[in-house]
Amino acid sequence: MISKRNAAGASLLGQTAVILGLVFLFVCGALYTRHQSGSVTGNTVVVWLVVTVLFGAAVAGWWWLRPVRTPQAIRQWLWRRRWLWLLLVLSVLLRIPAWGTPPQDDGLEYYTDLFNACSNIRFDPSYLFENFRLANHPTWGMAMLAAIPEFFMRGNYNSFWVFHTLVALVAVAAAYDLLERDSGSRVTAFLGGLAVGSTPIFLGLTPHISVEPALGAFFLCLVWAYARQQWVLLVFTCALTAFSKELGIVLVAGFACGVCLTELLRQREPGFWKRVLAVLRQRGAQILLATCLVMAAFLLWYLLNPQWSWATRALEDSNGMLQFEFDPSYIVEKIQEYICTNFDWVLLVLCTVCLVVRRRGNYPPLPAYLGGIVVAIVFFQIVSVLAVTYTITRYNLAPELALCLLTVDVIVLTLQGRGRGVLLTCLAVLLTVQGYLTVDPLMKAVYPEIDTGAISMVRVKTDDHARHMSHYVIYNNQYSYLYKGLRKIFQTYSPEDHDIIVLGRDGFIYMQGYLWDMDRQDFAVQTDGNIMPISSYETGSSLPKALVAGELKAHAIILYSPTYVEQTPTPEEARAMIPDCYTNVQQWELSCGPAGKILYFTADLASVNPS
């Protein structure tokens, strides 16, 4: 028998070992990068030795205090979790099709910043502070973990696929553990975990380099750490959530307030202040509130400095990239975006129905962490609708993922038997399909539908004056067919001999900043090796200037995609838009499966001015 003191010590040392293990991997990656560049310093080695000793001591202490397990007990432990292993394998398989999708728009900037930070890594607090805040966002938690695969895959943008897949696996495992505890059924936990891990925007952003997937995954881990009373990991996951994006602290604060409010409403002591004191005596509430206050103070200090913060500079920008104001039309649009995309309306209906059933029946109280999730979502959405910026779907990933966990857990705690299993199976299948192909009927009814030549997509933007960016079609993984098609086109028509001509203002296909690896015949984002820049011009802006300067190649690939402005041109309309400086125009079609087709033209440069 193991004493309670030893069990508590083993738990604390185990949690500490997890955190130090991540620090150890970061330091090992930095040392490997330094070794590859021939710039290992004594300081690097000393830091590595110190971290190694601390990590080893934590592991040794945990090993010493842990319950002794026989080989048979270990086999039984592994067998009891067979549904978890299956869930993790499926979660990886569902993300494999996204491998190889290159970064774009903000993602290219995020990756470039991370690549530079890792290439010149130093264990200097000022260096870490300055270089791991990607695009001037407070991303230290997310970026330093994303650096671990980047260290070992330097210059390969698929390192973010690895990072996003790993944090997804941790989040899915956390959801499985919560659902197994609440339902007492491993199969139910498997189905619920599959639904959570298959949230369409969560799947769709696996290859897309952004802060949102990590933010959502870290928040789920925060919920798990609180529910499981893993207090050291609770502080750590709070920090990771807060230091992934500006709105991370909003999620942490919302969860803390929601948990405390739920516990306050359940207190039976006479007198309001006695109930408040009873809540504040709970260790979980103390840790959440203290951690939240410390991180909020630090982030406030950071955000008020325009030299560091993107948000502060955006507020001061005359272009209005970010404004805090009460705009009713923007509020309606954001609420519509949250409700009407990716079957979120189904999740809301199911959650509401289950809550009504519970209200009318004799059910035990729901766990306090579910109240924390509800308030966190509400806080997040309040700040989102007041911070007026681009209505980009990926900004909703964290509350959408939280809503999915909330709904699944309420279903698990409300329904029983075969009906629960059937409902969770249908929900998991529905979300998984929507993760790859746009099948949500309400979403297609509300938003402009895009003809892809196969299963249509939508543009999640109703404002006719919207900025034309690829972000408006990134709400699941269907958009990645465009890059799969472009890769095949560039493998046929080498960027060495062909310019890429974009019709009008087509933000998705615009290849500015992209490189092509002539040896691997694939996209690249760094200059090592046999790399060829992709020359990309827009007919409405940069093409005429390039023609006058004599920069154009003799051949061109003329592209347009479903993201073009507000209405995708027909092939005839697109052909009419081709400038007169090109001749011998030929139309081609490339099928990319059920996700869509790509229509493009090849042409030769003539000696006349463009229209």
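Notes on the structure in this doc start here. Position labels on residues start from 1 in each chain and follow its written sequence. Reporting of local features is limited, given that this is a predicted model, to residues whose pLDDT is at least 70; pairs of side-chain atoms are given and counted only at 80 or more, and all residues count toward the totals for whole chains, interfaces and linings. Think of the side-chain values as coming from all heavy atoms in the structure, minus any hydrogens and water.

Here the axes come from fitting lines to C-alpha atoms, over the contacting stretch only for helices, and the angles between their N-to-C directions go from 0 to 180 degrees. Every helix listed is a DSSP run of H or I at least four residues long, and every strand listed is a run of E at least two residues long, numbered separately from the N terminus. Contact pair helix 11 (residues 212–227) / helix 12 (residues 231–242): the axes reach a minimum separation of 8 Å and the direction vectors enclose 160 degrees. Accordingly, the angle class assigned to the pair helix 11 and helix 12 is roughly antiparallel. Of the two elements, helix 11 crosses helix 12, and the hand of that crossing is left-handed. For the pair formed by helix 11 and helix 12, the contact residues are L215, F218, F219, C221, L222, W224, A225 and Y226 on the first element and W231, L233, L234, T237, C238, L240 and T241 on the second. All amino acids are sorted into three groups, where Ala, Val, Leu, Ile, Met, Phe, Trp, Tyr, Cys and Pro are nonpolar, Asp, Glu, Lys and Arg are charged, and the leftover types, Gly among them, are polar. Partitioning the contact of helix 11 with helix 12 into residue classes produces 13 nonpolar, two polar and no charged. Each angle is binned into one of four classes, with values under 35 degrees roughly parallel, values over 145 roughly antiparallel, values of 65 to 115 roughly perpendicular, and all other values oblique. In this scheme the handedness of a crossing depends on how the near helix is turned from the far one: anticlockwise by less than a right angle means left-handed, clockwise means right-handed. The contact criterion used throughout is that any non-hydrogen atoms of two residues lie within 4.5 Å.

What follows covers the packing of helix 4 (residues 82–95) against helix 9 (residues 186–197). Their axes nearest at 9 Å, the elements helix 4 and helix 9 cross at an angle of 20 degrees. With respect to helix 9, the axis of helix 4 lies roughly parallel. Considering only the axes of helix 4 and helix 9, their crossing is right-handed. Contacts between helix 4 and helix 9 involve W83, L86, L87, L90, L94 and R95 from the first element and R186, V187, F190, G193, L194 and G197 from the second. Considering only residue class, the contact of helix 4 with helix 9 consists of eight nonpolar, two polar and two charged.

Of note, the phi angle at A135 is positive, near 50 degrees, even though the residue is not glycine. For A135, the position within the fold is in the loop between helix 6 (125–131) and helix 7 (140–152). A positive phi angle is found at Q521, which is not glycine, with a value near 55 degrees.

On to the packing of aromatic side chains, then. Pairing of aromatic rings covers Phe, Tyr and the six-membered ring of Trp, with a centre-to-centre limit of 6.5 Å; geometry is then stacked below 30 degrees between planes, edge-to-face above 60, and tilted otherwise. Applying the stated criterion to the full structure yields 26 aromatic pairs. Here F26 and F151 contribute two aromatic rings whose centre-to-centre distance is 5.4 Å and whose plane-to-plane angle is 70 degrees, an arrangement assigned as edge-to-face. Of this pair, F26 sits in helix 1 (residues 4–37) while F151 is found in helix 7, placing the two residues 125 residues apart along the sequence. Take F26: its relative accessible area is 9%, and that puts it in the buried class. Judged by its relative accessible area of 1%, F151 falls in the buried class. Against the face of F202 rests R95, its NZ or CZ located 5.3 Å from the ring centre. Buried residues are those whose accessible area, probed at 1.4 Å on protein chains only, stays under 20% of the maximum for their type, while exposed residues exceed 50% and partly exposed ones sit between those limits. Should the NZ of a Lys or the CZ of an Arg lie within 6 Å of a ring centre and within 35 degrees of the ring normal, that charge is described as sitting over the ring.

The next thing to look at is the nonpolar core. By size, the foremost hydrophobic cluster in this structure holds 155 residues, and its most contacted members are F26, F132, F255, I373 and I489. Definition of nonpolar core: a set of buried residues of the types Ala, Val, Leu, Ile, Met, Phe, Trp, Tyr and Cys, connected through side-chain atoms within 4.5 Å. In this structure, L543, A556, A574 and I578 belong to the second largest nonpolar core, which totals 16 residues.

On the surface, a nonpolar cluster with roughly 310 Å² of combined accessible area is contributed by V349, V353, V357 and Y363. Checked against the element boundaries, V357 lands in helix 18 (residues 344–360). Like charges within 9 Å and nonpolar side chains (Val, Leu, Ile, Met, Phe, Trp, Tyr) within 5 Å are joined into patches, using only residues over 30% in relative accessible area that form no salt bridge. All accessible-area figures derive from a Shrake-Rupley calculation using a 1.4 Å probe, and residue coverage is judged against the displayed protein chains alone. What counts as a salt bridge is simple: a side-chain nitrogen of Lys or Arg found within 4 Å of a carboxyl oxygen of Asp or Glu.

A separate point is the pattern of salt bridges. Using the criterion set out here, one finds 14 salt bridges in the structure. Ionic pairing is found between D182 and R181, a salt bridge with its closest N-O pair at 3.8 Å. Between K334 and E337 there is a salt bridge whose closest N-O contact spans 3.5 Å. Taken as a pair, K334 and E337 lie in helix 17 (residues 328–340) at a separation of three residues, close to a single helical turn. Judged on exposure class, the residue K334 and its partner E337 are both buried. One connected set of salt bridges, linked through shared partners, spans R487, D517, R520 and D522.

Attention shifts here to the layout of surface pockets. Only protein atoms enter the calculation, which uses a 1 Å grid: trapped sets of points that fit a 1.4 Å probe without letting it out are cavities, open sets showing protein on both sides within 12 Å along at least five of seven lines are pockets, and any residue with an atom within 4 Å of a point is a lining residue. Grid points are joined across faces, edges and corners, and a volume is the space filled by probe spheres set on the points. In this structure, the largest pocket occupies an estimated 1,900 Å³ of space. Along the walls of the largest pocket sit 46 residues, with G14, V18, W224, Q230 and L233 positioned nearest its centre. Contributing elements (two or more residues each) for the lining of the largest pocket: helix 1, helix 2 (42–65), helix 3 (71–80), helix 4, helix 7, helix 8 (159–183), helix 11 and helix 12. The element that contributes the greatest number of residues to the lining of the largest pocket is helix 8, accounting for ten residues. Split into classes, the residues belonging to the lining of the largest pocket amount to 33 nonpolar, five polar and eight charged.

The next thing to look at is the pairing of strand 10 (residues 555–559). Judged by how many residues are buried, strand 10 sits mostly within the fold: four of five residues are covered. Pairing of strand 5 (residues 498–502) with strand 10, which is carried by five bridges, proceeds in the parallel orientation. Paired with I500 across the two strands is I557, which belongs to strand 10. Here, a strand pair is defined by DSSP locating no fewer than two bridges between the strands. The pairing of strand 10 with strand 12 (residues 597–605) spans five bridges and is antiparallel. Paired with I558 across the two strands is F601, which belongs to strand 12.

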